Amino acid sequence: MNPNDLSLSQIQDLVRAHGTPLYIVSRQQIVENFERLNNGLPAAKIFYATKANPHAGILETLKAAGAGFDVASKGEIQAAINAGANPQRDLIFADTVKDPRHIAYATSVGLDDFTFDNPSEITQIARHAPGTKVHLRLAVSNHGSVAHLSEKFGATPDQAVALLKAAREAGLVPAGISFHVGSQCLDNRRWVEALETTREVFDASHAAGMELETVDIGGGFPVRYGNEAIDIDATCKVITSHFHRLFGTDTRLVAEPGRAIVGDAMILVTKVISESLRQGQNWLYFDDGTYGSFLEVLLYQAQYPLRSNTSGPPTPYVLAGPTCDSIDVFSRDAKGNIAPVTLPEMHLDDLLIAGSMGAYTFSEATRFNGFEPPKFVYID
Ligand SMILES: Cc1ncc(COP(=O)(O)O)c(C=O)c1O
């Protein structure tokens, strides 16, 4: 059952048993989301992007379903190993900015697949993972996606062959190309364009005497937060048909989805712990906020579906978290300015239920002011 479909009385029972703030997670929904991508991209091996949500129960569920893991640090490697992952078979180190100590740790446990996008990463990988496989990350258009990832990461296509050659000269094995179209990508054309650019780099590499074998299409598959038009099956069909058109059947395909696997499999329940009237506006303060689960409201103007356990008249509220910082307000408009949202009248001890809270919530939560992240409860 999707936790978004739990009744208020079921949610209140869970809150009575476990307290707030509380994440309620469905393993079944995680497996369904994984299988939709796994079946939709039959040529691909799926490496779940651990950064989206590294909670042990989620990683264990995905390991049992057959996923590998995209990891970015020693901590994520350990979390994946604790969930049963085999480092050599199940893990890829897909972050292009790696702490060299974490590269050394990865090597010590057998992980042998790293992504890079600049000469200094070649130096670091060659020092701490000599002879390993490497993938070159390309910067591709992220136009229209919510979180842009090609500003900070990725080489340009014209740098690609020189970087792959430099990797080979450093004793590494250039194995393929990766890219990321940006998180919450709502336009399938981004994958098509990126695959076409990747084909050009494959051809230029071949001309330079290097046979690449893997295309890693990263993540970016979207989650429904409001009324976005999302059809994951259709996105997978587009990717699959263009992948086969451009690469035939001999090239290995890899994907690193995060958001689309966990996003709608978890809800958050947070409680009103204080309320006030400020300059004519009603403010509600909760036991979770921007420094906890709602950072993406500030970073990317995320709009999570919200409901309450109350039934009073519709009332506009500014929603704020518990910390000592005034930026800790999680009702914001599309420009990021503080804005009220309308909810049934709420007061002390009432509950706010935020849907589609699985991705980049728990993993981005801080401990500012001594607040712990919410507890997890699995409903299946
Ligand atoms: C290298 C890499 N792979 C995969 C992902 C997962 O992306 P998404 O959650 O949009 O699927 C990210 C997200 O930041 C990333 O940086």
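Because the structure is predicted, anything quoted here is derived from the model rather than measured.

Enquirer: What exactly am I supposed to notice about the overall build of the chain here?
Expert: Regarding its fold elements, the chain presents 12 helices and 16 strands. Over its C-alpha atoms the chain spans a radius of gyration of 22 Å, differing by no more than 12% from the 21 Å that the globule rule assigns to 380 residues. Taking the principal axes of the C-alpha coordinates as reference, the chain spans close to 70 × 40 × 40 Å.

Enquirer: Just checking my understanding: could you explain the domain arrangement of the chain for this structure?
Expert: Many descriptions give the size of an interface as the accessible area lost when the pieces come together. We note that the domain assignment places domain 1 (27-263) and domain 2 (264-378) within the chain. Listing elements by their share of the side of domain 1 that touches domain 2, those giving two or more residues are α2 (27-40) and α11 (259-262). Considering every element that reaches the side of domain 1 that touches domain 2, the biggest residue donor is α2, with 4 residues. For the side of domain 1 that touches domain 2, a count of residues per class yields 8 nonpolar, 8 polar and 4 charged.

Enquirer: It is not clear to me how the nonpolar core should be interpreted in this structure. Could you clarify?
Expert: One recurring pattern in soluble globular proteins is that nonpolar side chains are buried together. Of all hydrophobic cores here, the largest spans 106 residues; its most connected members are L91, I125 and L138. Mapped onto the domain boundaries, this core takes at least three residues apiece from domain 1 (27-263) and domain 2 (264-378). If near-sequence neighbours (up to four positions away) are discounted, I125 is found in contact with I103, F114, F116, T132, V134 and L172.

Enquirer: Even after reading the chapter, I still don't get the pairing of strand β15 (residues 351-354), so can you show me in this structure?
Expert: The two faces of the sheet receive side chains in turn, since in a regular strand these alternate between them. What you see with β15 is no split at all: L351 and I353 on one side and L352 and A354 on the other are buried throughout. With 4 bridges joining them, strand β10 (residues 266-278) and β15 adopt antiparallel strand pairing. Each residue of the ladder has a partner; that of T270, found in β15, is L352. Two strands pair when backbone bridges link them, and strand β12 (residues 306-308) and β15 are joined in this way by 3 bridges, in the antiparallel orientation. Looking at the pairing, R307 lines up with I353 of β15.

Enquirer: Mind showing me how you'd approach the pairing of strand β11 (residues 281-286) here?
Expert: Here β10 runs beside β11; their pairing, made up of 6 bridges, is antiparallel. Bridge pairing links V272 to F286 in β11. Taken together, β10 and the strand that follows it, β11, pair antiparallel across an intervening segment of 2 residues, in which Q279 is found at a positive phi of about 45 degrees. One ladder, built from 4 bridges, connects β11 with strand β13 (residues 314-320); its direction is parallel. When the bridges of β13 are listed, L284 appears paired with L319.

Enquirer: In this structure, what is going on with the packing of helix α9 (residues 189-207) against helix α10 (residues 232-247)? I would like to understand it.
Expert: Relative placement of two packed helices is described by the angle separating their axes and the distance separating the axes. One can describe the packing of α9 onto α10 by two numbers: an axis separation of 10 Å at closest approach and a directional angle of 15 degrees. Comparing the axis directions of α9 and α10 gives the class roughly parallel. Classified by chirality, the crossing of α10 by α9 is right-handed. In this structure, α9 uses W191, V192, L195, E196 and R199 to contact α10, whose residues at the interface are V238, I239, H242, F243, L246 and F247. Of the residues that constitute the contact of α9 with α10, the class distribution is 8 nonpolar, 1 polar and 2 charged.

Enquirer: Where do I start with unusual backbone geometry in this structure?
Expert: Excluding glycine, residues mostly carry a negative phi; peptide bonds, for their part, are mostly trans. With an omega dihedral of -10 degrees, the bond running from T20 to P21 counts as a cis peptide bond. Note that P21 resides in the loop between α1 (8-18) and β1 (22-25). Although it is not a glycine, Q184 adopts a positive phi angle of roughly 60 degrees. Looking at where Q184 falls in the secondary structure, it is placed in the loop between β7 (173-178) and α9. Under the C-beta neighbour-count criterion, Q184 is labelled buried, with 25 such atoms within 10 Å. The backbone of Q301 sits at a positive phi, close to 55 degrees, despite the residue not being glycine.

Enquirer: Please explain the site of the ligand as it appears in this structure.
Expert: Near the ligand lie 19 residues; those nearest to it are A49, S183, G219, G258 and R259. For the shell around the ligand, the per-class residue count stands at 8 nonpolar, 6 polar and 5 charged.

Enquirer: So what exactly am I meant to see when it comes to the environment of L111 here?
Expert: Along the chain, L111 turns up in the loop between α6 (100-109) and β5 (113-116). Once the C-alpha coordinates of L111 and Q88 are considered, the two residues, 23 residues apart in sequence, prove to be 4.5 Å apart. Excluding residues that lie within four positions of it along the chain, L111 makes contacts with I77, P87, Q88, L91, F93 and A106.

Enquirer: Whenever I open this one, the environment of M346 confuses me. Can you help?
Expert: Here M346 shows up in the loop between β14 (341-344) and β15. The exposure class assigned to M346 is buried, which follows from the 21 C-beta atoms found within 10 Å. Taking the C-alpha atoms as reference points, M346 and D264, 82 residues apart in sequence, are found 25 Å from one another. Setting aside residues no more than four positions away along its own chain, M346 makes contact with V272, L284, S308, T310 and Y317.

Enquirer: Before we go on, may I ask you to explain helix α3 (residues 56-65) in this structure?
Expert: The periodicity of an α-helix, 3.6 residues per turn, causes residues three or four places apart in sequence to face the same way. Along α3, the residues classified as buried are I58, L59, T61 and L62. Here the buried residues of α3 occupy an arc of 160 degrees about the axis, which is enough to place them on one side. Along α3, the residues that are exposed and aim more than 90 degrees away from the buried face are A56 and A64. Turning to α3, the residues buried within the fold contact β1, α2, β2 (44-49), α4 (74-82) and α11. Among the residues trailing α3, G66 stands out with phi positive, at a value near 110 degrees.

Enquirer: It is not clear to me how the packing of α6 against helix α7 (residues 119-128) should be interpreted in this structure. Could you clarify?
Expert: At a minimum axis separation of 9 Å, α6 and α7 run at an interaxial angle of 40 degrees. Judged on the interaxial angle alone, α7 and α6 are oblique. Between α6 and α7 lies a crossing whose hand is right-handed. Packed against α6, whose contacting residues are P100, I103, A104 and T107, the element α7 presents Q124, I125, R127 and H128 at the interface.

Cut-offs applied
- Along every chain, residues carry numbers that run from 1 in the direction the sequence is written.
- The model is predicted, so local features are restricted to residues of pLDDT at least 70 and side-chain atom pairs to those at 80 or more, both for listing and for counting; the totals for chains, interfaces and linings are taken over all residues.
- Note on conventions: DSSP H or I runs of at least 4 residues are helices, E runs of at least 2 residues are strands, and numbering of each starts at the N terminus.
- We compute the radius of gyration from the C-alpha atoms alone; for a globule the expected value is 2.2 Å times N to the 0.38, where N is the number of residues.
- Residue ranges assigned to the domains are those given by an automatic or database domain assignment.
- Side-chain classes are defined by residue name, with Ala, Val, Leu, Ile, Met, Phe, Trp, Tyr, Cys and Pro counting as nonpolar, Asp, Glu, Lys and Arg as charged, and the others, Gly among them, as polar.
- Only buried residues count toward a nonpolar core: Ala, Val, Leu, Ile, Met, Phe, Trp, Tyr and Cys, linked into one set through C-beta atoms within 7 Å.
- Residues with at least 20 neighbouring C-beta atoms inside 10 Å of their own are called buried, those with 12 or fewer are called exposed, and the rest are partly exposed, where every C-beta is derived from the backbone.
- This entry defines residue contacts through backbone-placed C-beta atoms, with two residues in contact when those atoms are within 7 Å.
- Two strands form a pair only when DSSP identifies at least two bridges running between them.
- Axis definition: a line fit to C-alpha positions, over the contact stretch in the case of helices; interaxial angles, taken between N-to-C directions, run 0 to 180 degrees.
- Geometric relationships in this document are graded by angle, where less than 35 degrees denotes roughly parallel, more than 145 denotes roughly antiparallel, 65 to 115 denotes roughly perpendicular, and other angles denote oblique.
- Left-handed describes a crossing whose near helix is turned anticlockwise from the far helix by less than a right angle; the clockwise case is right-handed.
- Each residue receives a C-beta atom placed from its backbone. It is near a molecule or strand if this atom lies within 6 Å of it.
- Along the arc lie the directions from the helix axis toward the C-beta atoms.

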